[in-house]
Amino acid sequence: MALDLGMAQISQMAFGYWQAQALFAAVRTGVFDALAGGSLTVEKAAAACALPEDSALRLLDACVALRLLTRSADGEYANTPHAQRLLTEGSAESVTRWVKVMARWYEPWGGVTQALQDGQPVEERRLRLGDDEEYAADFILGMHEYNSRSATALAQLIPQQGAGTLVDVGGGAGTYSIAFCGQWPGLTGEVIDLPAVLPLTERTVARAGLADRIRVRAGDYYTDRFGSGVDVVLLSNVLHQESPEAALDILRRAREALSESGRVLVHGHFLDETRTAPLFTTLHNLSALALWDGGRSYTVAEMVELMRRAGLTDVEVVQAPEASAKLLVGTVGTVGSVGTPPGADGSHERA
Ligand SMILES: C[S@@+](CC[C@H](N)C(=O)[O-])C[C@H]1O[C@@H](n2cnc3c(N)ncnc32)[C@H](O)[C@@H]1O
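Because the structure is predicted, anything quoted here is derived from the model rather than measured.

## Structural notes on the overall build of the protein chain
Scanning the protein chain from N- to C-terminus turns up 14 helices and ten strands. Since a compact globule built from 351 residues should have a radius of gyration of about 20 Å, the 22 Å found for the protein chain is in line with a globular shape. In terms of overall dimensions, the protein chain has C-alpha extents of about 70 × 50 × 35 Å along its principal axes. Buried residues in the protein chain amount to 47% of all 351 residues. Long-range contacts, defined as pairs at least 24 residues apart, comprise 65% of the intrachain contacts of the protein chain with a sequence gap of at least 6.

Now the structure itself:
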């Protein structure tokens, strides 16, 4: 009997985590790496993944159903091209670290009801910001795996306008500094982040061959100044971690660091003015509650208002490569404006 539409939709949501857990189990037990060199029988895959044969059979079959593996007529399992490219550690396009972070976030997400009732996170941020070294490395490098896919496209969205210096506040692995330096000739970058993060940043920057153009600085974005005479201050995927008060304070120091014609770039996932879309950002808002004390998703208008209060008199809103993300370009005066008349909130829109 076919389920009615409403029940089908609800069961898809309620069963949704079964798929996620099968993916996490396969990554955590090394299924895709075991098959990276070629197809294997269940016996050999079970041995390679240190699983009882019956468990391996269940997991491998589920992965076939999820279209992560194929099974041949003689019963050998192999990675699909997507799994080989994205889920094996040796692949240049691997996102296994990012998947492991999502697997780890299953726990705080499991506490989201508690977080909602208490209005408090269920996991302390210090764990993923250095206290647990392995978690911090997975968090920072996992974000790099995920964000580096769209970073170059983001850097291509706005013109260099003669910018020679970029300060990347909370820059993590340096993903966006690397992308901007790759796009803008002669640009030099500085990544400001917590001391535990910077060895990872240095590694990523060196791998990108940009150690001579991107340096790192240990700093605390709650208290530190971000420099002076800077052409671009970038805040990418940072402000959703913070309350409006903290975000405003960070934006004020970003504004203070600018050269006369400088720009503050705020990049991240935003809610539209209904607050009910995009779906990803409405869920990101729950994630921010569970994971970041004070964190929240902002509407574009809320962020534009914070930027204006920080002294950025002109804000251009640009659609970022990810559907739920925007790039807000704040300037003092009309530098960087696309020349369109401002909307009710004073911002300019560019699709
Ligand atoms: C979600 S990540 C974004 C990383 C990077 N900007 C990107 O878009 O990929 C947030 C970053 O903020 C950094 N961070 C958190 N608290 C900080 C603080 N008090 N001072 C400086 N950086 C901080 C974290 O270490 C992390 O690298």
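## Structural notes on the state of the cysteines
Inspection of every chain in the model, using the stated rule, returns zero disulfides. For Cys63, which is in no disulfide, the shortest distance to another cysteine sulfur is to Cys49 and amounts to 9.6 Å.

## Topic: the side chain of Ser324
Within the secondary structure layout, Ser324 lies in the loop between strand E8 (314-319) and strand E9 (325-331). For Ser324, a relative accessible area of 9% translates into the label buried. A polar atom in the side chain of Ser324 sits 2.7 Å from the side chain of His269. Those residues within four positions of Ser324 in sequence are excluded, and the remaining contacts are Gly268, His269, Phe270, Pro278, Phe280 and Thr281.

## Some words on the pattern of salt bridges
Enumeration according to the criterion identifies 17 salt bridges in this entry. With a closest N to O distance of 2.8 Å, Asp132 and Arg104 form a salt bridge. One end of the pair, Asp132, is in the loop between helix H8 (125-131) and helix H9 (133-155); the other, Arg104, is in helix H6 (residues 96-110), and 28 residues separate them in sequence. Each member of the salt-bridge network shares a partner with another, and the members are Arg85, Glu93 and Arg149.

## Quick look at the site of the ligand
Near the ligand, the surroundings consist of 18 residues, among which Gly170, Asp193, Tyr221, Ser236 and Gln241 are the closest. With respect to the ligand, the side chain of Asp193 contributes an N or O atom lying 2.6 Å from an oxygen atom. Relative to its free-state accessible area of 590 Å², the ligand is covered by the protein chains to the extent of 97%. Of the residues forming the shell around the ligand, the biggest block, three residues, is contributed by H9. Its residues placed into classes, the shell around the ligand shows eight nonpolar, eight polar and two charged.

## With respect to unusual backbone geometry
The step from Ala277 to Pro278 runs through a cis peptide bond, and the omega angle for that step is -5°. Residue placement: Pro278 occurs in the loop between strand E7 (258-269) and helix H13 (279-291). Even without a glycine there, the phi angle at Ala50 is positive, about 55°. With respect to the helices, strands and loops of the structure, Ala50 is situated in the loop between helix H3 (42-48) and helix H4 (53-65).

## Describing the pairing of strand E4 (residues 188-193)
Look at any regular strand and the pattern is simple: side chains alternate between the two faces of the sheet. Taken across its six residues, E4 has five buried, putting it largely inside the fold. Of the pairings in the sheet, the one linking strand E3 (residues 165-169) to E4 comprises five bridges and is parallel in character. Bridged to Val169 within E4 is Ile192. Following the backbone out of E3, through helix H10 (residues 175-183) and into the adjacent parallel E4, one traces a crossover that is right-handed. Two strands pair when backbone bridges link them, and E4 and strand E5 (residues 214-218) are joined in this way by five bridges, in the parallel orientation. Pairing of Gly189 across the sheet is with Ile214, part of E5. Each parallel crossover has a hand, and the one from E4 via helix H11 (residues 198-207) to E5 is right-handed.

Parameters and conventions
- All residue numbers here refer to positions counted from 1 along the written sequence of the relevant chain.
- The predicted origin of the model limits local features to residues at a pLDDT of at least 70 and limits the giving and counting of side-chain atom pairs to 80 or more, whereas totals for whole chains, interfaces and linings rest on all residues.
- Water and hydrogen atoms were dropped before computing side-chain values, which therefore reflect all heavy atoms in the structure.
- Comment: elements are numbered from the N terminus, with helices defined as DSSP H or I runs of at least four residues and strands as E runs of at least two.
- Using C-alpha atoms as the atom set, the radius of gyration is obtained and then compared with a globule rule of 2.2 Å times the number of residues to the power 0.38.
- Between buried and exposed lies partly exposed: a residue is buried under 20% and exposed over 50% of the maximum accessible area for its type, with that area taken using a 1.4 Å probe on protein chains only.
- The contact definition used throughout considers only heavy atoms, calling two residues in contact when any of these lie within 4.5 Å.
- We call a pair of cysteine sulfur atoms a disulfide when they lie within 2.5 Å.
- Whenever two N or O atoms come within 3.5 Å, that pair is a polar contact, provided that in protein one can donate a hydrogen and the other can accept it, and provided that, for residues adjacent in sequence, both atoms are side-chain atoms.
- Here, a salt bridge means any Lys or Arg side-chain nitrogen found within 4 Å of an Asp or Glu carboxyl oxygen.
- We define proximity as follows: a residue is near a molecule or strand when any one of its heavy atoms falls within 4 Å of that partner.
- Computed with a 1.4 Å probe, the accessible areas rest on the Shrake-Rupley method; for each residue, only the protein chains presented here act as cover.
- Note on residue categories: nonpolar means Ala, Val, Leu, Ile, Met, Phe, Trp, Tyr, Cys or Pro, charged means Asp, Glu, Lys or Arg, and polar means any other residue, Gly included.
- A strand pair is defined by DSSP finding two or more bridges across the two strands.
- Crossovers are described as right-handed under a simple rule: with the strands pointing away from the observer, the path leading from the first strand over the helix to the second runs clockwise.

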